[in-house]
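Reading the structure
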Amino acid sequence: MSADEPTTPTPDTVYRAGVVDVFRDVARLHEGPPVVRRADGGAAVLTMDAVRAVTKRRDVHSMDPVSVEMISQVMGAGRPLIPLMLDGDEHTKYRRLLDPLFAPAKMRALESDIAELAHALIDDFAASGEVELFGAFCEPLPSQIFLRLLGLPASDLDFLLWFKNGIIRPDDEEHRAAASPKLIEYLYAELDRRAALDHPGDDLIGGFMTAEVDGHGLTREDVIDITFLLIMAGLDTVAASLSCMIDWLARNPEQRQRLIDDPELTPAAVEELMRVMTPVVGGGRHAVGDFVIGGVEIHAGDALGVSWAAANMDPTIFEDPTRVDFDRASNPHIAFASGFHRCLGSHLARVELWTALNVLHDRIPDYRIDPDAIPGYNNTAIRTVDPLPLRFTPR
Ligand code: HEM
């Protein structure tokens, strides 16, 4: 253990870059109380019961109005992103429109397209015996599928990844500042192009342009504020999750062998790996009423941090939580959040993750971490393993 490594992790210090299997530290957060005052005065909510309770309170909003104003300038067109930054009836109205578009049966129907693209990406490196898998597979697979769903050309992928990285993990201040305005400009041009056609298209963007909510069509601004969030969510989280899962399976070959021998076990393995990895580690919330949670008094105006990752390591819900067990009888994890803002894209993410793992195991079953390279363990915000250098038997 290095001198600067804290002996007991706290909600402020647990997610350190470079740590492999950070979930062991996350699990130790349960040595303390369920809700903890943070150094900045906010409260970290850690247990499953407390997180579930907080995220279904109407007097807890997704964000405070000052942050909505500030963040929507950096991440958006200066208006709240839909639906993430909305609450109450306004939020419900948009979820009613969006939920059916991402329903489980619709997403399952994409399985053969996802498998075909996974094979095509693997064709490019299968003969070489080595690959940086994040850039070659984890990122392009879900991103290209998502662009097809939105109805944007694959040739725009590099620009859209540049935009998404500018928001989530910018190279520098210039990158961060340029990302939002460039995407807004791009999206307005896309809406203009479609408005000039007889029919705006049978894809998601075309659907938003013709959708009705409460008897009214969406405004151009609504369509932009929805699409902006979807691009950010659709292009990062699945890639991040896939990289965490493959890294773990590369280091745990006996568990990987179980999936190679029985691909039908993969959906259960994905649920368990989502629980353990919880790539989106937590979310911010804003109290608009007074209440007590986990013995801590919360007042209107308090900032709350709900930890999906800690809740998924709660020993009162998951027996032996740090054990990765594909055969858990029950796995009520909340890696896709809980409450009003639970993930819109979870069914899409699941089918992408199962399919990607099964095709990878079919094509290059004996992958391992390249002993001469160092994987990039990024444990903050959205946990990612980038780069993910692998070696395997060339095929
Ligand atoms: C494995 C991949 C994914 C993970 C781990 C994940 C996780 C999450 C989490 C934790 C939240 C809650 C955020 C909060 O309340 O602070 C969320 C919300 C959301 N996710 Fe995902 N997500 C994933 C994939 C996707 C995909 C592919 C889409 C694209 C449709 C998507 C769209 C959204 C949207 C629109 C919300 C906001 C929902 C609302 O505010 O009502 N996500 N996601």
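Scoring rules and cut-offs
Residues numbered from 1 in each chain as written. Predicted model: local features only at pLDDT ≥ 70, side-chain atom pairs only at ≥ 80, totals over all residues. Helix = DSSP H or I, 4+ residues; strand = E, 2+ residues; numbered from the N terminus. Rg over C-alpha atoms; globule rule 2.2 N^0.38 Å. Core = buried A, V, L, I, M, F, W, Y, C linked by C-beta atoms within 7 Å. Buried ≥ 20, exposed ≤ 12 C-beta atoms within 10 Å, placed from the backbone. Contact = placed C-beta atoms within 7 Å. Pairing = 2+ DSSP bridges. Near = placed C-beta within 6 Å. Nonpolar A, V, L, I, M, F, W, Y, C, P; charged D, E, K, R; others polar. Axes fitted to C-alpha atoms, helices over the stretch in contact; angles between N-to-C directions. Parallel < 35°, antiparallel > 145°, perpendicular 65-115°, else oblique. Left-handed = near helix turned anticlockwise from the far one by under 90°. Expected span 1.5 Å × (residues − 1).

Examining the overall build of the protein chain
Of the regular secondary structure elements, the protein chain holds 16 helices and 14 strands. For the protein chain, the C-alpha radius of gyration of 21 Å lies close to 21 Å, the compact-globule estimate for 395 residues. Judged by the C-alpha coordinates and their principal axes, the protein chain covers about 55 × 55 × 40 Å.

With respect to the nonpolar core
In terms of nonpolar packing, the biggest core is built from 109 residues, with Val 26, Val 45, Leu 46, Cys 138, Met 245 and Leu 353 touching the most fellow members. Look past the residues within four positions of Met 245 in its chain and what remains in contact with it is Leu 273, Met 277, Leu 353 and Leu 357.

What about the pairing of strand E10 (residues 303–307)?
In terms of burial, E10 is a largely internal element, four of the five residues being buried. Summarising the sheet, strand E2 (residues 43–45) and E10 pair through three bridges and their orientation is parallel. What sits directly across from Ala 44, in E10, is Gly 305. Taken together, the five bridges between strand E7 (residues 282–287) and E10 define a ladder with antiparallel strand orientation. What sits directly across from Gly 283, in E10, is Val 306.

Focus on the site of the ligand
Close to the ligand lie 24 residues, the nearest being Thr 237, Gly 283, Ala 337, Cys 343 and Gly 345. Going through the elements one at a time, helix H12 (220–251) and helix H16 (346–363) are the ones with two or more residues in the shell around the ligand. Among the residues making up the shell around the ligand, the classes are represented as 17 nonpolar, six polar and one charged.

Some remarks on the sheet that holds E10
The pairing of strands in a sheet comes from backbone hydrogen bonds and takes either a parallel or an antiparallel form. Pairing is mixed in the open sheet, where five strands are placed in the order E1-E2-E10-E7-E3. Here the strands that pair on one side only, and so sit at the sheet edges, are strand E1 (35–37) and strand E3 (60–61). Sheet analysis places E1 next to E2, joined by three bridges and oriented antiparallel. Following the sheet pairing, Val 35 is matched in E2 by Val 45. Packed on one face of the sheet, helix H2 (residues 48–55) meets E1, E2, E3, E7 and E10 and runs near 130° to E10.

Here's the deal with the sheet that holds strand E11 (residues 368–369)
Across the sheet, which stays open at both edges, the three strands sit in the order E4-E14-E11 with antiparallel pairing between neighbours. At either end of the open sheet lies a strand with only one pairing partner, and these are strand E4 (130–132) and E11. Looking at chain direction, E11 and strand E14 (residues 389–391) are connected through two bridges and run antiparallel. Its bridge partner lying in E14, Arg 368 is registered against Arg 391.

Focus: unusual backbone geometry
The linkage connecting Ile 82 with the following residue, Pro 83, adopts the cis geometry, with an omega of 0°. Residue Asp 386 is joined to Pro 387 through a cis peptide bond whose omega torsion reads 5°. Examined against the element boundaries, Pro 387 turns out to sit in the loop between strand E13 (384–385) and E14. The backbone phi angle of Ala 337 is positive, close to 75°, even though this residue is not glycine. Within the secondary structure, Ala 337 sits in the loop between helix H15 (308–311) and H16.

Focus: the pairing of E7
Among the six residues that make up E7, five are buried, leaving the element largely enclosed by the rest of the structure. Sheet analysis places E3 next to E7, joined by two bridges and oriented antiparallel. Looking across to E7, one finds that His 61 is bridged to His 286.

Looking at the packing of helix H8 (residues 140–150) against H12
Packing of H8 against H12 leaves a shortest axis separation of 8 Å and a crossing angle of 155°. In terms of axis orientation, H8 runs roughly antiparallel to H12. The two elements H8 and H12 meet at a crossing, and its hand is right-handed. Here Pro 142, Ser 143, Phe 146 and Leu 150 of H8 come into contact with H12, specifically with Thr 227, Leu 230, Gly 234, Leu 235, Val 238 and Ala 239. Its residues assigned to classes, the contact of H8 with H12 comprises seven nonpolar, three polar and no charged.

Topic: H16
Since one α-helical turn is 3.6 residues long, residues separated by three or four positions face the same way. Here H16 contains 18 residues, and its C-alpha end-to-end distance of 26 Å stays within 8% of the 26 Å for a straight helix at 1.5 Å per residue. Extensive coverage of H16 is indicated by the burial of 13 of its 18 residues.

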